Amino acid sequence: AAGFFDGEGTTGVYSSGRRRVYLSIGQKNKELLLRFRKAVWGLGHTDHHDGRIWYFRTDSFEIVQAIIAALWFKLGSIKKTQAMRALHAYHAWRHA
């Protein structure tokens, strides 16, 4: 799961009414996303927007944090930095 997320996933923050941290993976193959979701205890959800690309997503701080923590020891430095920046930015917004 960590290798898949390391290559295909992203973590970030957005503000659309409410500020949120998110974790997302986009794929044409829904089965890969369902396997990832199973590997992370069934957390998050899968959906598609344009009928071709499926997404695994969550914008729950607690779920993002849990998934990143579980994958942390196998993530590369780029994804670790991306996750740290997203979680720190979200934390700073919440406590500003």
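Quick notes on the rules
Residues numbered from 1 in each chain as written. Predicted model: local features only at pLDDT ≥ 70, side-chain atom pairs only at ≥ 80, totals over all residues. Heavy atoms only, no water. Helix = DSSP H or I, 4+ residues; strand = E, 2+ residues; numbered from the N terminus. Core = buried A, V, L, I, M, F, W, Y, C linked by side-chain atoms within 4.5 Å. Buried < 20%, exposed > 50% of the residue type's maximum accessible area, 1.4 Å probe, protein only. Contact = heavy atoms within 4.5 Å. Pairing = 2+ DSSP bridges. Salt bridge = Lys/Arg side-chain N within 4 Å of Asp/Glu carboxyl O.

A. Layout of the environment of Lys74. Turning to its location among the elements, Lys74 is positioned in the loop between α3 (61-71) and α4 (77-94). Linking Lys74 and Gly7, residues 67 residues apart in sequence, is a C-alpha distance of 12 Å.

B. Spotlight on the nonpolar core. Counting residues in each nonpolar core, the largest one holds 20 residues, and the members touching the most others are Phe5, Phe36 and Phe56. It is α3 that contributes the most residues to this core, 5 residues altogether. Those residues in contact with Phe5 that lie beyond four places of it in its chain are Thr10, Thr11, Leu23, Ser24, Ile25, Phe36, Ile68, Leu71, Leu75 and Lys79.

C. Here's a closer look at the pairing of strand β1 (residues 9-16). In this structure, β1 lies alongside strand β2 (residues 18-27), joined through 8 bridges in antiparallel fashion. Along β2, the bridge assignment pairs Thr11 with Leu23. If you look at the hairpin formed by β1 and β2, you'll find 1 residue sitting between the two strands, and Gly17 has a positive phi there, around 85°.

D. Here's a closer look at the pattern of salt bridges. Throughout the structure, instances matching the rule amount to 2 salt bridges. Between Asp59 and Arg20 there is a salt bridge, with its nearest N and O atoms 3.4 Å apart. A residue pair is termed long-range when its members are at least 10 positions apart, and Asp59 in the loop between β4 (54-58) and α3 and Arg20 in strand β2 qualify at 39 residues. Ionic pairing is found between Asp47 and Arg57, a salt bridge with its closest N-O pair at 3.2 Å. Of this pair, Asp47 sits in strand β3 (residues 45-48) while Arg57 is found in strand β4, placing the two residues 10 residues apart along the sequence. The partly exposed category is assigned to Arg57, whose relative accessible area is 24%.

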